[in-house]
Amino acid sequence: MVTIDKKAKPKIYTESDHMLKDLKDELAGLKSRMNLIEEEQEKNRNLLDQLSFQEDLSNELIASQHEETKINKENYKVIANVMHDLKSPVSNVVENLAGIMSEIDDKDAQDTLKECMNTASNVLSSFTEVEEFCLDAGEGLHSSQQPVDIKAFFKETVSGLQRELVHSAGHSLRLLVDKSIPEKSPLYTEAIKHCLEGLLKELLYNRSSASISIRIASEKSEMKYGIEISDLTILLEMDQPTDITWNESWVDSIQLNQHSLLNSGFNLLRIRDSLRKTGGQLEICKNADKVNGFKIYLPLTY
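Note that this is a predicted model, so its numbers are computed, not measured. Each chain carries its own residue numbering, running from 1 in the direction its sequence is written. Restriction of local features to residues with pLDDT of at least 70 applies here, the model being predicted, together with a cutoff of 80 or more for giving and counting side-chain atom pairs; totals for whole chains, interfaces and linings are based on all residues. Side-chain metrics in this entry use all non-hydrogen atoms of the structure; hydrogen atoms and water are not considered.

S.K.: What is the right way to read the overall build of the protein chain from this model?
M.R.: Strands are runs of DSSP state E lasting at least 2 residues, helices are runs of H or I lasting at least 4, and numbering of each runs from the N terminus. Each helix and strand counted, the protein chain has six helices and seven strands in total. Seen in sequence order, the protein chain has helices and strands lined up from the N terminus as α-α-β-α-β-β-α-β-β-α-α-β-β. Counting all 302 residues of the protein chain, 31% fall into the buried class. The contact criterion used throughout is that any non-hydrogen atoms of two residues lie within 4.5 Å. Looking at the protein chain alone, contacts between residues at least 24 apart form 71% of all its contacts between residues at least 6 apart. For the protein chain, the accessible area works out to roughly 20,300 Å², and carbon and sulfur atoms hold 52% of it. The cut-offs for exposure are 20% and 50% of the maximum accessible area for each residue type, with area from a 1.4 Å probe on protein chains only; residues under the lower value are buried, those over the upper are exposed, and the others partly exposed. Shrake-Rupley sampling with a 1.4 Å probe provides the accessible areas, and residues are treated as covered by the protein chains on show and by no other component.

Have a look at this one:
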């Protein structure tokens, strides 16, 4: 028995068939691209929502910070006024003791009155320091960011400090600038000069001779929305540690070392407060538990 195989007729593709196939392929590609676009749009919407939330939150925080700053200024002014009022009776005590001493011939009585007068004078000086600190903290430095050539700015600033402060043969000051820093950036120039001068005075106050280096560098901190956030760092370091013992508590450390710090520690507090107002911070550098320098962090990007 013979079986006849049925063969399929060959399909002939016309020009229209080719066009339809191309259109189908193009349509499939369009659908794929549309899906990608929709996914991207959803991501963008989520990002916009997040940014909107961040903006609202930032506005609330800024408003709250302005209100807190206003209240703090008022508080500082109140304390400064109280200190000013307290100075008057203490000053009168010093003057009266001086007048009594001039009228007494007894040596022991004079010595006793002299000790009382010295104590009253120290109290008066302390009241003055508190008053000045509160006035400074209440007002702060009236400065704004200025776009500057960072290397040129620090070369000029450190040269000025060398001329003004490091004038004795026992001290030396050198500037080191890391290649990582950007060429130009907005900086609070007046605040930086003020803080560098104050910190340098603090170190010189504790050593009759020392070699001090000031190193300028840049440190990465984090990434936000694809933007690299970084800090400008300023490290002041002595070649030998001071006699100041510092622990984690500023309050305890200042109280412990008030006789070894400028203005009983108010100099450091002023500098710390000034840096915080510009978005920066001050870190104490130690060798073991002894202070041998300071490190300043200032935001380069936001």
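More follows now that the structure is in view.
S.K.: I tried to follow the packing of aromatic side chains on my own but got confused; where do I start?
M.R.: The geometry of an aromatic ring pair comes down to the distance between the two centres and the angle between the two planes. Note on aromatic pairs: the rings of Phe, Tyr and Trp (six-membered ring only in Trp) are paired at centre separations within 6.5 Å, and the planes decide the class, stacked below 30 degrees, edge-to-face beyond 60, tilted for the rest. Going through the model one piece at a time under the given rule, you end up with two aromatic pairs. Look at phenylalanine 153 and phenylalanine 154: their rings are 5.0 Å apart centre to centre, the planes differ by 70 degrees, and that puts the pair in the edge-to-face class. On the basis of relative accessible area, phenylalanine 153 is assigned to the buried category, the value being 7%. Seen in terms of ring centroids, tryptophan 246 and tryptophan 250 are 5.2 Å apart; in terms of plane orientation they differ by 85 degrees. Their pairing is edge-to-face. Summarising the burial analysis for this pair, tryptophan 246 and tryptophan 250 share the class buried. In this scheme, the term charge over a ring applies when either NZ of a lysine or CZ of an arginine sits within 6 Å of the ring centre and within 35 degrees of the ring normal. When the ring centre of tryptophan 250 is taken as reference, the NZ or CZ atom of arginine 272 above it lies at 4.2 Å.

S.K.: Quick question: what am I supposed to make of the packing of helix H3 (residues 150-164) against helix H4 (residues 189-206) here?
M.R.: Pairs of packed helices are described in terms of their axes, by the angle between the two and the distance that separates them. At a closest axis distance of 11 Å, the pairing of H3 and H4 adopts a crossing angle of 40 degrees. Read as a crossing pair, H3 and H4 show a hand that is right-handed. Facing H3, whose interface residues are Phe153, Phe154, Thr157 and Leu161, H4 presents Thr189, Ile192, Lys193, Leu196, Glu197 and Leu200. When grouped by side-chain class, the residues that make up the contact of H3 with H4 number six nonpolar, two polar and two charged. Interaxial angles span 0 to 180 degrees and are taken between N-to-C directions of axes, which are lines fitted to C-alpha atoms, for helices over the stretch in contact. Each crossing gets its handedness from the near helix: less than a right angle anticlockwise from the far helix is left-handed, clockwise is right-handed. Residue classes follow a fixed rule: Ala, Val, Leu, Ile, Met, Phe, Trp, Tyr, Cys and Pro count as nonpolar, while Asp, Glu, Lys and Arg count as charged, and any other residue, Gly among them, counts as polar.

S.K.: Can you walk me through the environment of serine 172 in this structure?
M.R.: Among the secondary structure elements, serine 172 is positioned in strand S2 (residues 171-177). Take serine 172: its relative accessible area is 34%, and that puts it in the partly exposed class. When the C-alpha positions of serine 172 and glutamine 162 are compared, they lie 8.1 Å apart, and in sequence the two are 10 residues distant. Pairs of N or O atoms within 3.5 Å make up the polar contacts considered here, provided that, within protein, one atom can donate a hydrogen while the other can accept it, and that residues adjacent in sequence are counted only when both atoms are side-chain atoms. A polar side-chain atom of serine 172 sits 3.2 Å from a polar atom in the side chain of serine 211.

S.K.: Can you help me understand the nonpolar core in this one?
M.R.: Across soluble globular proteins, you tend to see nonpolar side chains buried next to one another. The definition of a nonpolar core used throughout is a set of buried Ala, Val, Leu, Ile, Met, Phe, Trp, Tyr and Cys residues joined through side-chain atoms within 4.5 Å. In this structure, Phe154, Leu187, Ile234, Trp246, Leu282 and Ile296 are the most contacted members of the largest nonpolar core, which totals 40 residues. Tallying contributions element by element places H4 first for this core, with seven residues. Apart from the residues lying within four places of it in its own chain, the contact partners of tryptophan 246 are Ser253, Ile254, Asn257, Leu261, Leu268, Ile284, Lys286, Asp289 and Val291. Formed by seven residues, the second largest nonpolar core is a distinct cluster that contains Leu97, Met101, Leu113 and Ala120.

S.K.: In this structure, what is going on with the side chain of threonine 233? I would like to understand it.
M.R.: Here threonine 233 lies in strand S5 (residues 227-238). For threonine 233, a relative accessible area of 3% gives the class buried.

S.K.: Is there a simple way to explain the side chain of arginine 270 in this structure?
M.R.: With respect to the element layout, arginine 270 can be found in helix H6 (residues 266-277). Excluding its chain neighbours within four sequence positions, the residues that come into contact with arginine 270 are Glu129, Glu132, Phe133, Asp136 and Asn263.

S.K.: I keep staring at the pattern of salt bridges and nothing clicks. Help me out?
M.R.: When their charged atoms lie close together, side chains carrying opposite charge are able to pair. For salt bridges, the criterion is a side-chain nitrogen of Lys or Arg within 4 Å of an Asp or Glu carboxyl oxygen. If you walk through the whole model with that rule in mind, you get five salt bridges. Measuring nitrogen to oxygen at the nearest pair gives 3.3 Å for the salt bridge that ties glutamate 197 to lysine 201. Pair noted here: glutamate 197 and lysine 201 are both in helix H4, with a separation of four residues, about one helical turn. Taking the relative accessible area as the measure of exposure, glutamate 197 reaches 27% and is therefore partly exposed.

S.K.: Is there a simple way to think about H6 in this case?
M.R.: Owing to its 3.6 residues per turn, the α-helix brings residues three or four apart onto one side. Here H6 contains 12 residues, and its C-alpha end-to-end distance of 17 Å stays within 8% of the 16 Å for a straight helix at 1.5 Å per residue. Turning to H6, its buried residues are Phe266, Asn267, Leu268, Arg270, Ile271, Asp273, Ser274 and Leu275. A positive phi of about 85 degrees marks glycine 279, the residue just after H6. By definition here, a helix of n residues has an expected span of 1.5 Å times n minus one.

S.K.: Just to check I follow, could you spell out the environment of leucine 124 for this structure?
M.R.: Secondary-structure assignment places leucine 124 in helix H2 (residues 107-139). It is 9.4 Å that separates the C-alpha atoms of leucine 124 and methionine 83, two residues lying 41 residues apart in sequence. Beyond its immediate stretch of four places on either side in the chain, leucine 124 contacts Lys87, Val90 and Ser91.

S.K.: Sorry, what's going on with the pairing of strand S7 (residues 290-299) here?
M.R.: Side-chain direction in a regular strand flips from residue to residue, so the side chains alternate between the two faces of the sheet. A large share of S7 lies buried, amounting to nine of its 10 residues. The pairing of strand S6 (residues 281-287) with S7 spans seven bridges and is classified as antiparallel. Residue pairing across strands places asparagine 287 opposite lysine 290, the latter belonging to S7. What makes two strands pair is DSSP finding at least two bridges between them. Between S6 and S7, which follow one another and run antiparallel, lie two residues, and alanine 288 among them has a positive phi close to 60 degrees.

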